[in-house]
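# Fold and contact review
Chain residues, written in single-letter form:
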Amino acid sequence: MSDLKQQIFDKYPSWSAFLQDQSPEQLIVNYDFVNNFNDVYTTSDITLKFLTELYKLKKSYAGYEYLEKWLNFLNDFLNINKGLSAGVIKQLSYILYAKYSHFRLSDMKLLFNYILDSRYGTFYGSIDTQRIASSFYEYNLERKDAFLKIEAKIAEQEKKEERDRPVGLPDFSKYPNLARYFNKPNADLVDDLAKSKSV
């Protein structure tokens, strides 16, 4: 079990305990600092798939159940006369989980905000599955592009730091034979070098 999984499991030893504090309804509060893809990138890698791997349910997948609860919350929150039926939400959850189980909980919060802002289109009189599916699709494209740019920027920064780093002494733990040349007076150093050349 990874450190992150152990940390989450220690805090929430059961699926019900996790949902009590980290349910979709709590995302707005728990991830109130997440307002763009840069914010998502900095959050812990707690994905829908991560939840499935951590909490082994007998007849379901934790990540799928979380997504189903998220869709139910969205359905209620939009408060549109003609919402999605429970059966449609269940089927849509399976479809979306299969494609987007890599989404983090912070993604789910940001996507929720984007849907409320009509970033990917507006619901007119009813919530339609195609609009939700296309919202996930477009969000994922934006996410990929944003993450690639962030990672390229990080890589460039690391290269710059490497170039700017002053050259220091070698790592003597890797080169123990060199250490003696740096720990002796100059006269002894010359003698040692002369002996090594004469051998």
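Rules behind the numbers
- Residues numbered from 1 in each chain as written.
- Predicted model: local features only at pLDDT ≥ 70, side-chain atom pairs only at ≥ 80, totals over all residues.
- Heavy atoms only, no water.
- Helix = DSSP H or I, 4+ residues; strand = E, 2+ residues; numbered from the N terminus.
- Buried < 20%, exposed > 50% of the residue type's maximum accessible area, 1.4 Å probe, protein only.
- Contact = heavy atoms within 4.5 Å.
- Arc of directions from axis to C-beta.
- 1 Å grid on protein atoms, 1.4 Å probe; cavity = no way out; pocket = protein on both sides within 12 Å on 5 of 7 lines; lining within 4 Å.
- Points joined across faces, edges and corners; volume = space filled by probe spheres on them.
- Nonpolar A, V, L, I, M, F, W, Y, C, P; charged D, E, K, R; others polar.
- Core = buried A, V, L, I, M, F, W, Y, C linked by side-chain atoms within 4.5 Å.
- Salt bridge = Lys/Arg side-chain N within 4 Å of Asp/Glu carboxyl O.
- Polar contact = N/O pair within 3.5 Å; in protein donor to acceptor, adjacent residues only side chain to side chain.

## Let's talk about the overall build of the protein chain
Helix and strand content of the protein chain: eleven helices and zero strands. Counting helices and strands in the order they occur from the N terminus, the protein chain gives α-α-α-α-α-α-α-α-α-α-α. When each of the 199 residues of the protein chain is scored for burial, the buried share is 36%. Summarising the internal contacts of the protein chain: among those between residues at least 6 apart in sequence, 73% fall at separations of at least 24.

## Some thoughts on helix α2 (residues 15-22)
Buried within α2 are the following residues: Trp15, Phe18, Leu19 and Gln22. Angularly, the buried residues of α2 cover 95° about the axis, an arc narrow enough to put them on a single face. Summarising the geometry of α2, the exposed residues directed more than 90 degrees from the buried face are Ser16 and Gln20.

## Things to note about the layout of surface pockets
Each pocket or cavity is described by its volume, and for the largest pocket that value is around 230 Å³. The wall of the largest pocket is formed by 14 residues, among which Ile8, Gln22, Tyr31, Ser44 and Ile46 lie closest to the centre. The set of elements that each furnish at least two residues to the lining of the largest pocket consists of α1 (3-11) and α2. The leading source of residues in the lining of the largest pocket is α1, at four residues. Among the residues forming the lining of the largest pocket, the class breakdown is eight nonpolar, five polar and one charged.

## Re the nonpolar core
Ranked by internal contacts, the top residues of the largest apolar core, which has 48 residues, are Leu51, Trp70, Ile132 and Phe136. The set of elements that each furnish at least two residues to this core consists of α2, α4 (37-41), α5 (48-54), α6 (62-78), α7 (86-100), α8 (105-116) and α9 (129-164). Sequence-distant contacts of Phe136, that is, excluding residues within four places in its chain, are made with Leu67, Trp70, Leu96, Tyr100, Phe103, Met108 and Leu111.

## A short note on unusual backbone geometry
Its identity as a non-glycine residue notwithstanding, Asn79 has a phi of 55°, on the positive side. Mapped onto the secondary structure, Asn79 falls in the loop between α6 and α7. You will see that Ser118, though not glycine, has its phi angle at about 60°, which is positive.

## Comments concerning the pattern of salt bridges
Applying the stated criterion across every chain, the model contains seven salt bridges. One salt bridge connects Lys5 with Glu53, and the closest N-O pair in it is separated by 2.9 Å. One end of the pair, Lys5, is in helix α1; the other, Glu53, is in helix α5, with 48 residues separating them in the sequence. Look at Lys5 and you get buried, because its relative accessible area is 17%. Its salt-bridge partner being Arg104, residue Asp45 comes within 3.1 Å of it at the nearest N-O pair. One end of the pair, Asp45, is in the loop between α4 and α5; the other, Arg104, is in the loop between α7 and α8, and 59 residues separate them in sequence. Exposure remark for Arg104: the relative accessible area of 10% places this residue in the buried category.

## Quick notes on the side chain of Thr43
Along the chain, Thr43 turns up in the loop between α4 and α5. For Thr43, a relative accessible area of 10% gives the class buried. One polar contact links the side chain of Thr43 to the main-chain carbonyl oxygen of Val40, over a distance of 2.6 Å. Of the polar contacts made by the side chain of Thr43, one reaches the side chain of Ser106; its length is 2.7 Å. Each residue touching Thr43, except ones within four places of it in the same chain, is listed here: Tyr31, Phe33, Val34, Arg104 and Ser106.

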